Amino acid sequence: SAVISQKPSRDICQRGTSLTIQCQVDSQVTMMFWYRQQPGQSLTLIATANQGSEATYESGFVIDKFPISRPNLTFSTLTVSNMSPEDSSIYLCSVKHINTEAFFGQGTRLTVV
Amino acid sequence: AQSVTQPDIHITVSEGASLELRCNYSYGATPYLFWYVQSPGQGLQLLLKYFSGDTLVQGIKGFEAEFKRSQSSFNLRKPSVHWSDAAEYFCAVGETNFGNEKLTFGTGTRLTIIP
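A brief look at the structure comes next.

How each quantity is defined
Residues numbered from 1 in each chain as written. Chains lettered and ligands numbered in written order. Predicted model: local features only at pLDDT ≥ 70, side-chain atom pairs only at ≥ 80, totals over all residues. Heavy atoms only, no water. Contact = heavy atoms within 4.5 Å. Buried area = accessible area lost by both parts, 1.4 Å probe. Salt bridge = Lys/Arg side-chain N within 4 Å of Asp/Glu carboxyl O. Polar contact = N/O pair within 3.5 Å; in protein donor to acceptor, adjacent residues only side chain to side chain. Helix = DSSP H or I, 4+ residues; strand = E, 2+ residues; numbered from the N terminus. Buried < 20%, exposed > 50% of the residue type's maximum accessible area, 1.4 Å probe, protein only. Disulfide = S-S within 2.5 Å. Phe/Tyr/Trp six-rings, centres within 6.5 Å; stacked < 30°, edge-to-face > 60°. Lys NZ or Arg CZ within 6 Å of the ring centre and 35° of its normal.

## Let's talk about the interface of chain A and chain B
Right, on to step 1. Counting residues at the interface gives 21 residues for chain A and 19 residues for chain B.
Right, on to step 2. In this assembly, chain A packs against chain B so that about 1700 Å² is buried in total across both faces, 53% of it on carbon and sulfur atoms.
Right, on to step 3. Linking chain A to chain B there are one salt bridge.
Right, on to step 4. With a closest N to O distance of 2.6 Å, Lys 49 of chain B and Glu 101 of chain A form a salt bridge.
Right, on to step 5. Seen at the junction of chain A and chain B, the total is six residue pairs in polar contact (both at pLDDT 80 or more).
Right, on to step 6. Secondary structure elements with two or more residues in the side of chain A that touches chain B: β4 (31–37), β5 (43–49) and β9 (89–96) of chain A.
Right, on to step 7. Tallying contributions element by element places β4 of chain A first for the side of chain A that touches chain B, with four residues.

Shown next as structure tokens:
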């Protein structure tokens with residue numbers, strides 16, 4: 001298993017600003033992912049965070065809006081840039097090894113006003 | 001592309017009653033299948049998983065699920081629910097292509113327990 005610490009747990013932000021979310025894992029993991037869960041919806045994969053290289057984004061998500069860093073095997077950040085109310089969601093960090101289950105952080109509940 | 005369908009958006013059952021949550025998937029190869037639970041304000045917790053072998057898998061909290069390839073289903077069951085089981089339940093399928101591993105989630109089923 002893996003213990004994931006995600007910060008902040010929640011935030012209220014002004015539109016047009018940016019928020020960086022941190023994800024720290026207690027052990028080295030092969031893969032790290034960022035998901036978005038819009039109100040009342042399921043989880044949608046934003047991107048796979050790659051160590052030392054650019055993240056791999058899913059269709060509909062772009063680096064300018066959601067820049068991601070992963071400097072090592074235990075840490076990643078997701079930035080939500082130039083926020084609008086439509087970005088109000090829960091953002092979840094997820095980690096896994098190859099061919100294993102994924103573990104999730106508690107999520108960051110973001111409200112944009 | 002893989003996909004997951006959870007046909008029941010909301011289910012209400014009485015405490016002590018049996019439960020079955022439906023999940024159908026679409027995937028070309030042998031799937032990796034998961035059930036996660038999300039309590040209000042919480043992250044996701046893995047209930048159980050199917051990778052291969054016995055098609056009836058046991059999970060935590062008394063849950064089980066059965067993989068039926070012929071029906072492309074992976075339904076979650078519990079013989080007797082407890083009030084603490086009230087939560088959102090997500091079925092997910094994982095890609096098994098090496099180097100391209102990610103999960104696709106269903107839309108979720110919200111479970112309400114009545115006394």
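What follows picks up the thread again.
## A few points about unusual backbone geometry
Right, on to step 1. The residue after Lys 7 of chain A, namely Pro 8 of chain A, is reached through a cis peptide bond having omega -5 degrees.
Right, on to step 2. With respect to the helices, strands and loops of the structure, Pro 8 of chain A is situated in the loop between β1 (4–7) and β2 (10–13).
Right, on to step 3. Although it is not a glycine, Asn 82 of chain A adopts a positive phi angle of roughly 45 degrees.
Right, on to step 4. Taking the relative accessible area as the measure of exposure, Asn 82 of chain A reaches 54% and is therefore exposed.
Right, on to step 5. Despite not being glycine, Lys 61 of chain B has its phi angle at roughly 60 degrees, a positive value.

## Thoughts on the state of the cysteines
Right, on to step 1. Tallied over the full model, the rule gives two disulfides over all chains.
Right, on to step 2. A sulfur-sulfur separation of 1.9 Å characterises the disulfide bridge that pairs Cys 23 of chain A with Cys 93 of chain A. In this structure the cystine formed by Cys 23 of chain A and Cys 93 of chain A twists about its S-S bond by roughly -65 degrees; its chirality is therefore left-handed. Residue Cys 23 of chain A is found in strand β3 (residues 19–25), and its partner Cys 93 of chain A is found in strand β9; the two are separated by 70 residues along the sequence.
Right, on to step 3. Accessibility expressed as a relative area gives 0% for Cys 23 of chain A, which makes it buried.
Right, on to step 4. What pairs with Cys 23 of chain B in a disulfide is Cys 91 of chain B, and their sulfur atoms sit 2.0 Å apart. On the S-S bond that ties Cys 23 of chain B to Cys 91 of chain B, the torsion sits near -65 degrees, and the link is left-handed. Residue Cys 23 of chain B is located in the loop between β3 (19–21) and β4 (24–26), and its partner Cys 91 of chain B is located in strand β10 (residues 87–94); the two are separated by 68 residues in the primary sequence. In this structure, Cys 23 of chain B and Cys 91 of chain B share a single accessibility class: buried.
Right, on to step 5. Residue Cys 13 of chain A stays outside any disulfide, its sulfur separated by 18 Å from that of Cys 23 of chain A, the closest cysteine.

## Thoughts on the side chain of Ser 88 of chain A
All names here are of chain A.
Right, on to step 1. With respect to the secondary-structure elements, Ser 88 resides in the loop between β8 (75–80) and β9.
Right, on to step 2. Residue classification places Ser 88 among the buried positions, given a relative accessible area of 16%.
Right, on to step 3. From its side chain, Ser 88 meets the backbone oxygen of Pro 85 in a polar contact 3.0 Å long.

## Thoughts on the packing of aromatic side chains
Right, on to step 1. Taken as a whole, this structure holds 15 aromatic pairs over all chains when the rule is applied.
Right, on to step 2. Relative to Phe 105 of chain B, the ring of Phe 104 of chain A has its centre 5.9 Å away and its plane inclined at 70 degrees; by these criteria the two rings are edge-to-face. You can see Phe 104 of chain A sitting in strand β10 (residues 103–104) and its partner Phe 105 of chain B sitting in strand β11 (residues 103–105), one on each of two chains. No difference in accessibility class separates Phe 104 of chain A from Phe 105 of chain B, as the two residues are buried.
Right, on to step 3. Judged by centre distance (5.7 Å) and plane angle (50 degrees), the ring pair of Phe 63 of chain B and Tyr 89 of chain B falls under tilted. Here Phe 63 of chain B, found in the loop between β7 (56–58) and β8 (64–68), pairs with Tyr 89 of chain B, found in strand β10; they are 26 residues apart in sequence, far enough to count as distant.
Right, on to step 4. Taking the relative accessible area as the measure of exposure, Tyr 89 of chain B reaches 2% and is therefore buried.
Right, on to step 5. Taken together, the ring pairs in this structure connect Tyr 35 and Phe 104 of chain A together with Tyr 32, Phe 34, Tyr 36, Phe 51, Phe 90 and Phe 105 of chain B into an aromatic cluster.
Right, on to step 6. Directly above the ring of Phe 51 of chain B sits Lys 49 of chain B, whose terminal nitrogen or CZ lies 5.4 Å from the centroid.

Purely geometric stuff here, so don't read any function into it on its own.
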